[in-house]
Amino acid sequence: MPVIEHQQFIKAPVELCFDLARNVDIHTQTTSTTKERAVGGVTQGLLEEGDTVTWEAIHFGIKQRLTAKVTLMEKPYKFVDMMVKGAFHSFVHSHQFIEEAGGTIMIDKFQYKSPFGPIGVVADKLFLEKYMRVFIASRAKALKNIAENMD
């Protein structure tokens, strides 16, 4: 089961970073390359523990839907979401926020299992793990840009 971990320093308070990361509207903004949008469950505003959201996006040229549920919320330091329906066999995405001098360290930890057994393992090695690393890092940089440029 691949585990992707990405750390991003953001020159902004922990509360702001936490709220931006769980904001459905900001998520849509930071994933514009895949045309991601919320189409079910909570479709705008801040996600809370127990909430579900269904995302529609284009990955690998294919329109896909994925439903995730927020399973843990420790404001403003951590929240966890997990897939309840979608293209992966399973995933758990933990978002952690650590106060640091001059800002916040945001840590994404994404653990997933690909579908299709051995074929999925091969897909991970050939392209999926790299694709997910780039996707998570790109979203973190976009969130950093938003947080650091708020007035």
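Residues numbered from 1 in each chain as written. Predicted model: local features only at pLDDT ≥ 70, side-chain atom pairs only at ≥ 80, totals over all residues. Heavy atoms only, no water.

(A) Here's a closer look at helix α1 (residues 14–21). Among all positions in α1, only Val14, Cys17, Phe18, Leu20 and Ala21 are buried. Looking down the long axis of α1, one finds its buried residues gathered within 165 degrees of arc, a one-sided arrangement. (Buried < 20%, exposed > 50% of the residue type's maximum accessible area, 1.4 Å probe, protein only. Helix = DSSP H or I, 4+ residues; strand = E, 2+ residues; numbered from the N terminus. Arc of directions from axis to C-beta.)

(B) Examining the nonpolar core more closely. Phe88, Phe97 and Phe110 are the most contacted members of the largest nonpolar core, which totals 35 residues. Discounting chain neighbours no more than four positions away, the residues touching Phe97 are Val14, Cys17, Phe18, Ala21, Pro76, Tyr77, Lys78, Phe79, Thr104, Ile105 and Met106. (Core = buried A, V, L, I, M, F, W, Y, C linked by side-chain atoms within 4.5 Å. Contact = heavy atoms within 4.5 Å.)

(C) Examining the sheet that holds strand β5 (residues 78–85) more closely. Ordered in space as β1-β7-β6-β5-β4-β3-β2, the 7 strands form an open sheet in which the pairing is antiparallel. Each end of this open sheet is capped by a strand with a single partner; those strands are β1 (3–10) and β2 (37–41). Between one strand axis and the next, the sheet turns by 25 degrees as a mean value, whatever way the strands run. Of the strands in this sheet, β1, β4 (62–74), β5, β6 (90–100) and β7 (103–113) touch α1, which is tilted by about 160 degrees from β6. Helix-sheet contacts for helix α3 (residues 117–148) involve β1, β3 (52–59) and β7, and the interaxial angle to β1 is about 20 degrees. (Pairing = 2+ DSSP bridges. Axes fitted to C-alpha atoms, helices over the stretch in contact; angles between N-to-C directions.)

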